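Structural overview
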Amino acid sequence: LLTTITQQNKEDISNILKFAYSFSPSNFAFDVLYLYPGIKDYSFYVPYKNLGVYLNKAMNDMSKRNAHNVYFNDIPHCIFGFYNEMVIMAKHFVKLKKWKTKLKMCRKCRVSSNCDGFYRNDIERFGSGNLKPIIY
């Protein structure tokens, strides 16, 4: 099972996770929308710099439920504020790398080699906010 995090469902991550687990899936993943070049309507989109609040809530809920086999597709580790073993930078995302970029802070990040960076459209439009590299 897979759900994409949007403005419309970001507050319901706990309920989505609970609902998904009612089906006893072998795995479950959270995903972010791909900001393809030319996107004009961002009303559905949760910027990287704002995503951590919702994902960390999901992580907290997962630990309470002892949830396993939950993954986060193509989401930089710094969004969580720590190296997250549940993050997947899958090979099928290779074609998207041309639309991604790494920031100056990524040079200091200890998990930079396991991360593809950020969508350019996101960073150019919304900035990086308070995101920090993983240095411990």
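Up top you'll find the structure we're talking about.
The following refers to the structure shown. (Residues numbered from 1 in each chain as written. Predicted model: local features only at pLDDT ≥ 70, side-chain atom pairs only at ≥ 80, totals over all residues. Heavy atoms only, no water.)

Observations regarding the pattern of salt bridges
Using the following cut-off: By convention in these notes, a salt bridge is any Lys or Arg side-chain nitrogen within 4 Å of a carboxyl oxygen on Asp or Glu. Every helix listed is a DSSP run of H or I at least four residues long, and every strand listed is a run of E at least two residues long, numbered separately from the N terminus. Between buried and exposed lies partly exposed: a residue is buried under 20% and exposed over 50% of the maximum accessible area for its type, with that area taken using a 1.4 Å probe on protein chains only.
Within the structure shown, the criterion is met by two salt bridges. Residues K57 and D61 are paired through a salt bridge, measuring 3.7 Å at the closest nitrogen-oxygen approach. With K57 and D61 both in helix α2 (residues 48–65) and four residues apart, this pair spans about one turn of that helix. A residue is classified by how much of its surface remains accessible, and K57, at 40% relative accessible area, is partly exposed. With a relative accessible area of 11%, D61 lands in the buried category. For the salt bridge of K100 with D74, the shortest nitrogen-to-oxygen distance reads 2.9 Å. With K100 in strand β5 (residues 100–101) and D74 in the loop between β3 (70–73) and β4 (87–88), this pair connects stretches of sequence that are 26 residues apart.

Topic: the sheet that holds β4
Hydrogen bonds between backbone groups are what pair the strands of a sheet, and the pairing can be parallel or antiparallel. Using the following cut-off: Whether two strands pair depends on DSSP finding at least two bridges between them. What makes two residues a contact is simply this: any of their non-hydrogen atoms within 4.5 Å. Geometry is summarised by axes, namely lines fitted to C-alpha atoms with helices restricted to the contacting stretch, and by angles between N-to-C directions that run from 0 to 180 degrees.
Taken together, the four strands give an open sheet; going across it, the order is β1-β2-β3-β4, and neighbouring strands pair in parallel fashion. Strands at the two margins of the open sheet, each flanked by one partner only, are β1 (2–5) and β4. The sheet contact formed by β1 and strand β2 (residues 28–32) spans four bridges and is parallel. Counted as the bridge partner of T4 is D31 from β2. α2 contacts β1, β2 and β3 of the sheet and is inclined by roughly 165° relative to β3.

With respect to a nonpolar patch on the surface
For clarity, the cut-off: A patch consists of residues exposed above 30% relative accessible area that lack any salt bridge, with like charges linked at up to 9 Å and nonpolar side chains (Val, Leu, Ile, Met, Phe, Trp, Tyr) linked at up to 5 Å. Residue exposure ignores everything except the shown protein chains as possible cover, and the areas themselves are Shrake-Rupley values with a 1.4 Å probe.
A surface patch of nonpolar side chains, about 360 Å² in accessible area, is lined by L1, F19 and F23. Take L1: it is sitting in the segment before β1.

Overview of the nonpolar core
Where we set the bar: Here the nonpolar core consists of buried residues drawn from Ala, Val, Leu, Ile, Met, Phe, Trp, Tyr and Cys, with membership extended through side-chain atoms lying within 4.5 Å.
F30, Y48, L51, L55, F72, I75 and F118 are the most contacted members of the largest nonpolar core, which totals 36 residues. For this core, the secondary structure elements donating two or more residues are α1 (13–21), β2, α2, β3 and β6 (118–119). Element by element, the count of residues in this core is highest for α2, at seven residues. When residues no more than four places from it in sequence are discounted, the contact partners of F72 are F30, L55, M59, M62, F80, N84, M86, V87 and I88.

Here's the deal with α2
Short version of the rule: Given the number of residues in a helix, its expected span is that number minus one, multiplied by 1.5 Å.
Between the first and last C-alpha of α2 there are 26 Å, a value that for 18 residues agrees with the 26 Å anticipated at 1.5 Å per step. For α2, the complete set of buried residues consists of Y48, L51, G52, Y54, L55, A58, M59, D61 and M62. After α2 finishes, the residue N66 shows a positive phi value of roughly 55°.

Focus: the side chain of S112
Here S112 is to be found in the loop between β5 and β6. Setting aside chain neighbours within four positions, we find S112 in contact with K102 and C106.

Digging into the packing of aromatic side chains
Basically, it comes down to this: Classification of ring pairs uses Phe, Tyr and Trp, with its six-membered ring standing for Trp, and accepts pairs whose centres are within 6.5 Å; under 30 degrees between planes counts as stacked, over 60 as edge-to-face, and the remaining range as tilted. Charge-over-ring contacts are defined here by two conditions on Lys NZ or Arg CZ: a distance within 6 Å of the ring centre and an angle within 35 degrees of the ring normal.
A full pass over the atoms with the stated rule returns 11 aromatic pairs. On the numbers, 5.5 Å between centres and 15° between planes, the contact of F30 with F72 is stacked. Here F30 is found in strand β2, whereas its partner F72 is found in strand β3, with 42 residues between them in sequence. Of the residues examined, F30 reaches a relative accessible area of 0% and is grouped as buried. F72 sits in the buried class, given a relative accessible area of 0%. Through pairs of rings, three or more aromatic residues link up here, namely F28, F30, F72, F80 and F82. Across from the ring centre of Y119, 5.0 Å away, lies the NZ or CZ of K100, which sits over that ring.

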